[in-house]
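The chain contents come next:
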Protein chains: 2
Amino acid sequence: MAPEVGIAEVARAAGVSVSTVSQVLSGNRPVSEATRRKVTAAIENLDYRPHPGARSLRSRRTESIALLVPDITNPFYPLVAVGMQDILMPAGYLLSVVDAGSQTGSGHLLRHVLERRFDGVALHADGLSENDRRRITDSQTRVVALGSDIEIEGSDYVESDDVGGFATVVAHLLSTGRRAIGFIAGEEVADPTKLRVRGFREAFAAAGLSVAESDIVFTSFTREGGHAGVEALYARRTDWDAIVCANDLIAIGAMESLRGRGIRIPDDVAVSGYDDIEAAALVHPSLTTVENPAREIGRTAARLLLSRLSGDNADGPTQHITLATRLVVRESTASAPETRTKGMQ
Amino acid sequence: MAPEVGIAEVARAAGVSVSTVSQVLSGNRPVSEATRRKVTAAIENLDYRPHPGARSLRSRRTESIALLVPDITNPFYPLVAVGMQDILMPAGYLLSVVDAGSQTGSGHLLRHVLERRFDGVALHADGLSENDRRRITDSQTRVVALGSDIEIEGSDYVESDDVGGFATVVAHLLSTGRRAIGFIAGEEVADPTKLRVRGFREAFAAAGLSVAESDIVFTSFTREGGHAGVEALYARRTDWDAIVCANDLIAIGAMESLRGRGIRIPDDVAVSGYDDIEAAALVHPSLTTVENPAREIGRTAARLLLSRLSGDNADGPTQHITLATRLVVRESTASAPETRTKGMQ
DNA sequence: TTGAAAGCGATACCAG
DNA sequence: CTGGTATCGCTTTCAA
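Cut-offs used in this document
- Residues numbered from 1 in each chain as written.
- Chains lettered and ligands numbered in written order.
- Predicted model: local features only at pLDDT ≥ 70, side-chain atom pairs only at ≥ 80, totals over all residues.
- Heavy atoms only, no water.
- Least-squares fit on C-alpha atoms with pLDDT ≥ 70 in both.
- Contact = heavy atoms within 4.5 Å.
- Near = heavy atom within 4 Å.
- Polar contact = N/O pair within 3.5 Å; in protein donor to acceptor, adjacent residues only side chain to side chain.
- Helix = DSSP H or I, 4+ residues; strand = E, 2+ residues; numbered from the N terminus.
- Core = buried A, V, L, I, M, F, W, Y, C linked by side-chain atoms within 4.5 Å.
- Buried < 20%, exposed > 50% of the residue type's maximum accessible area, 1.4 Å probe, protein only.
- Lys, Arg positive; Asp, Glu negative; His and termini not counted.
- Salt bridge = Lys/Arg side-chain N within 4 Å of Asp/Glu carboxyl O.
- Axes fitted to C-alpha atoms, helices over the stretch in contact; angles between N-to-C directions.
- Parallel < 35°, antiparallel > 145°, perpendicular 65-115°, else oblique.
- Left-handed = near helix turned anticlockwise from the far one by under 90°.
- Nonpolar A, V, L, I, M, F, W, Y, C, P; charged D, E, K, R; others polar.
- Pairing = 2+ DSSP bridges.
- Phe/Tyr/Trp six-rings, centres within 6.5 Å; stacked < 30°, edge-to-face > 60°.
- Lys NZ or Arg CZ within 6 Å of the ring centre and 35° of its normal.
- Buried area = accessible area lost by both parts, 1.4 Å probe.
- Right-handed = clockwise from strand over helix to strand, strands pointing away.

Caption draft 1: Local environment of the relation of the copies chain B and chain A. After a rotation of 180 degrees and a shift along the axis of 0.1 Å, chain B superposes on chain A with an RMSD of 0.2 Å. Put plainly, the chains are arranged around a two-fold axis. No C-alpha of chain B lies nearer the rotation axis than that of Gly53(B), which sits 1.8 Å from it. Comparing interface residues between copies, 98% of those in chain B also sit at the interface in chain A, which points to an isologous, same-surface contact.

Below, the structure is given as structure tokens:
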């Protein structure tokens, strides 16, 4: 409805050329204090707002960055978003969170996002096809990969120490005497799944124990995945004394199913999660888990992107940053009663 | 890194004019099947992607829509986002979720978002200053307001029936014999707060009871708000037999504080929330609450925006849509033991 | 320190 | 059904 004022009107009102107005806005070259004031006043009066399309057409920058997440309702990702905001907002960038959600793979949506010419994009590299990765490499868009060590040529990545974190929680269970430990993992092809499986094996190896393949079932990173996982595990055997889950949502679902079967937690079966989402402390019994530093991951990813964009470090060597995790012990893995250690194994 | 191919190269490769390529892309005018195929092939071969800046510069549309939320870590909003995606994705729009988060008011960020020239923006109207609202009216950007009946001239809005929903849960508590009912509300100035307070009063009025002002405390829509709210209520009196909360996060926080004081839920004090976030079913005791149809709100908002953008209904009268809510009774408000009704009031 | 003018890459109008 | 071309609103180079 507004008469849509352009840079020309501003120039006229201020009695200067459009170039000068542009320079005042960008600060790309010195402008005398007097003209700067005239221009700023005109901008204010006319409520002038530069057209971002026109701007990006010339400058090849959009001052906006996207976070492409597989599932925005998974509380882990909003925290990553907040971490990115911490860094990007002060730097004048707008962060857009895009949910890949229902999309089969992020392939189609990835194209969509790359087409938008965001200056930078943060995303999970796993689930990306060879094709997608090349598309990223070919595009102008700076990318930082999250939580995965998949290589995208020329892209930095930041991950948390999934292998170590998962090994820690498994070691914790072993140390409390649990031995019949089932593992409900996420999608088998997902990168976090592979890392957490690795951690699982490492913990067993470190304790001099071996893992039966049938102790691991693959589902999805959701509550429903937890339900399915419990069914699958109990179809194989029924004497589990611990179930470790690839994330908190799975664990919460698993606890629901266990309760449905009349199994007591942690007395009969200990349960652990991963991520330490808010709900982990709220469920009953409260859930032992591993803190996945989501917000810090976001901050780090944002810093990496900015350092690439601002030129200082535009062409430095690829960086791989690993953030530490922390075991959070709660009620769901309280030590087994004395009686159990006798009966088992 | 790619040699950045433009529409001209595509035209050359296909042996047609740039206009024709453009028409094939937009479908704005008939194109013969033969040329369409040539053009599509050229686009594919060259991996051509139109520059959105250039495009929006001429067409004045960006094919993207923003959802501006006050706190992306509040699980209510991701659900709204998913609902919007349901509708927008098939229509070819990209949805960007922008977190106002730490921003004081959404004022500054609102400007930022309006400057980006999204085709449409969904946001909460409360918390907007008179100035902000006029800015919206003046801008080209179509806006739909969420969960609030604040008028933005020319903008549609969609809300859930907060007044009715809240009255229902309060009526439920009254019907189980609770009379000393405290209310932990959100920020006093927030619009949802006002509506829920109204529902609170209505339920009392309908039962022929009156509300003491001191029964209502204002905090914030977070778990910490719940903690603070309990402290504030118990500073006034200590014989509460029910506490209703303006949302689930507050309720969860309140339950934590009550437990800290050795108060049993629901035996001593019943607690209720609002929104029915996932955690409400997971906490112990599980939380009685009101389902706030977040996803449906998102869908409705998206439909409203699209109907405005696609021209059919571009200038129809302003629409106000109210969605029904649903009471979800769980453990936290189980009927008071026989003994209590004798002792109270 | 400032101005003039040449594009950036698409769309949309005007012809044919 | 197709082509030519002015134009969107800005940034950037070139001159002064």
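Caption draft 2: The arrangement of the protein's contact with DNA strand D in detail. With respect to spatial proximity, 29 residues lie near DNA strand D, and among them Ile7(A), Gln23(A), Tyr48(A), Thr20(B) and Arg58(B) are the closest. In DNA strand D, atoms within 4 Å of the protein come 57% from sugar and phosphate. With respect to DNA strand D, the side chain of Ser22(A) contributes an N or O atom lying 2.9 Å from a phosphate oxygen. Separating a phosphate oxygen of DNA strand D from a side-chain N or O atom of Arg60(B) is a distance of 3.0 Å. Of all elements in the fold, only α2 (18-26) and α4 (52-59) of chain A together with α2 (18-26) and α4 (52-59) of chain B reach the threshold of two or more residues within the surface near DNA strand D. With 5 residues, α4(A) is the single largest residue contributor to the surface near DNA strand D.

Caption draft 3: Local environment of the nonpolar core. Grouped together as the largest cluster of nonpolar side chains are 54 residues, with contacts concentrated most on Leu67(A), Met84(A), Val97(A), Leu67(B), Met84(B) and Val97(B). For Met84(B), the residues in contact, after removing those within four places along its chain, are Ile65(B), Leu67(B), Leu95(B), Ala122(B), Gly298(B), Arg299(B), Ala302(B) and Leu305(B).

Caption draft 4: How the structure looks around the environment of Ala171(B). Tracing the sequence through the fold places Ala171(B) in helix α8 (residues 162-175). A sequence separation of 28 residues divides Ala171(B) from Gly199(B), and the C-alpha atoms of the two residues are 9.7 Å apart.

Caption draft 5: Here's a closer look at the side chain of Asp248(B). Residues and elements named next belong to chain B. If you trace the backbone, Asp248 turns up in helix α11 (residues 248-260). No salt bridge is formed by the buried Asp248. Its closest oppositely charged neighbour is Arg330, at 6.4 Å. At 2.7 Å, the side chain of Asp248 forms a polar contact with the side chain of Thr289. Sequence-distant contacts of Asp248, defined by excluding residues within four places in its chain, comprise Gly273, Tyr274, Asp275, Asp276, Ile277, Ala280, Leu287 and Thr289.

Caption draft 6: Spotlight on the packing of α8(B) against helix α9 (residues 191-206) of chain B. All names here are of chain B. Two elements in contact, α8 and α9, have axes separated by 7 Å at closest approach and are oriented at 40 degrees. Comparing the axis directions of α8 and α9 gives the class oblique. Crossing angle aside, the handedness with which α8 passes α9 is right-handed. Contact with α8, carried on its side by Asp162, Val163, Phe166, Ala167, Val170, Ala171 and Leu174, involves Pro192, Leu195, Arg196, Arg198, Gly199, Phe200, Glu202, Ala203 and Phe204 of α9 and no other residues of that element. A breakdown of the residues in the contact of α8 with α9 according to their chemical character gives 11 nonpolar, 1 polar and 4 charged.

Caption draft 7: Region of interest: the sheet that holds strand β9 (residues 270-272) of chain B. Residue and element names in this part refer to chain B. Strand order across the open sheet formed by 4 strands is β7-β6-β8-β9, with parallel pairing between neighbours. Since the sheet does not close on itself, it has two edges, and those belong to β7 (216-218) and β9, each with one partner. Each neighbouring strand pair of the sheet contributes to a mean axis angle of 15 degrees, computed without reference to strand direction. Looking at chain direction, strand β8 (residues 242-245) and β9 are connected through 3 bridges and run parallel.

Caption draft 8: Quick look at the sheet that holds strand β7 (residues 216-218) of chain A. All names here are of chain A. The parallel open sheet is built from 4 strands, whose spatial order is β7-β6-β8-β9. Two strands bound the open sheet, and with one partner strand each, they are β7 and β9 (270-272). Direction aside, neighbouring strands of the sheet carry axes that sit 15 degrees apart on average. Where strand β6 (residues 181-185) and β7 come together, 3 bridges link them in parallel fashion. Bridge pairing links Phe183 to Ile216 in β7. Set on the sheet, helix α8 (residues 162-175) makes contact with β6, β8 (242-245) and β9; between it and β8 the angle comes to about 170 degrees.

Caption draft 9: The arrangement of the packing of aromatic side chains in detail. Residues and elements named next belong to chain A. Inspection of the entire model under this criterion finds 10 aromatic pairs over all chains. Pairwise contacts between aromatic rings join Phe166, Phe183, Phe200, Phe204 and Tyr274 into one cluster. A cation sits over an aromatic face here: Arg237 above Trp240, 4.6 Å from the ring centre.

Caption draft 10: Region of the structure containing the protein's contact with DNA strand C. Around DNA strand C, the surrounding shell holds 27 residues, and the nearest of these are Thr20(A), Pro30(A), Arg58(A), Ile7(B) and Ser22(B). Considering DNA strand C, the proportion of its atoms within 4 Å of the protein that are sugar or phosphate atoms stands at 55%. Taking Ser19(A), its side chain carries an N or O atom lying 2.9 Å from a base nitrogen of DNA strand C. Here Thr20(A) contributes a side-chain N or O atom positioned 2.6 Å from a phosphate oxygen of DNA strand C. Put simply, the parts of the chain that give the surface near DNA strand C at least two residues each are α2 and α4 of chain A together with α2 and α4 of chain B.

Caption draft 11: Structural detail: the interface of chain B and chain A. Contacts between the two partners involve 57 residues from chain B, matched on the other side by 56 residues from chain A. Here chain B meets chain A over a buried area of about 4,900 Å², counting both sides, of which 57% is carbon and sulfur. Of all residues in chain B, Arg49(B), Leu94(B) and Leu282(B) bury the most surface against chain A, accounting for 14% of the area lost on that side. Here chain B is connected to chain A by 3 salt bridges. Applying the counting criterion to the chain B and chain A interface returns 10 residue pairs in polar contact (both at pLDDT 80 or more). When residues of the side of chain B that touches chain A are traced back to their parent elements, those giving at least two are α4, α5 (76-88), β2 (94-99), α6 (107-115), α7 (130-138) and α11 of chain B. In terms of residue class, the side of chain B that touches chain A is made up of 26 nonpolar, 15 polar and 16 charged.

Caption draft 12: Structural detail: the pattern of salt bridges. Here the structure, examined in full by the defined rule, presents 33 salt bridges over all chains. A salt bridge links Arg223(B) to Glu278(A); its shortest N-O distance comes to 3.3 Å. One end of the pair, Arg223(B), is in helix α10 (residues 223-236); the other, Glu278(A), is in the loop between β9 and β10 (289-291), on a second chain. The exposure class assigned to Arg223(B) is buried, which follows from its relative accessible area of 17%. Its relative accessible area of 44% is what places Glu278(A) among the partly exposed residues. Between Glu130(B) and Arg133(B) there is a salt bridge whose closest N-O contact spans 3.4 Å.

Caption draft 13: Highlighting the pairing of β2(B). All names here are of chain B. In terms of burial, β2 is largely enclosed, as 6 of its 6 residues are buried. In β2, alternate side chains face the same way, and those of Leu94, Ser96 and Val98 on one face and Leu95, Val97 and Asp99 on the other are all buried. Bridging between strand β1 (residues 64-69) and β2 involves 6 bridges; their strand directions are parallel. By the bridge assignment for β2, Leu68 is matched with Val98. With α5 bridging β1 and the parallel β2, this β-α-β connection has right-handed handedness.

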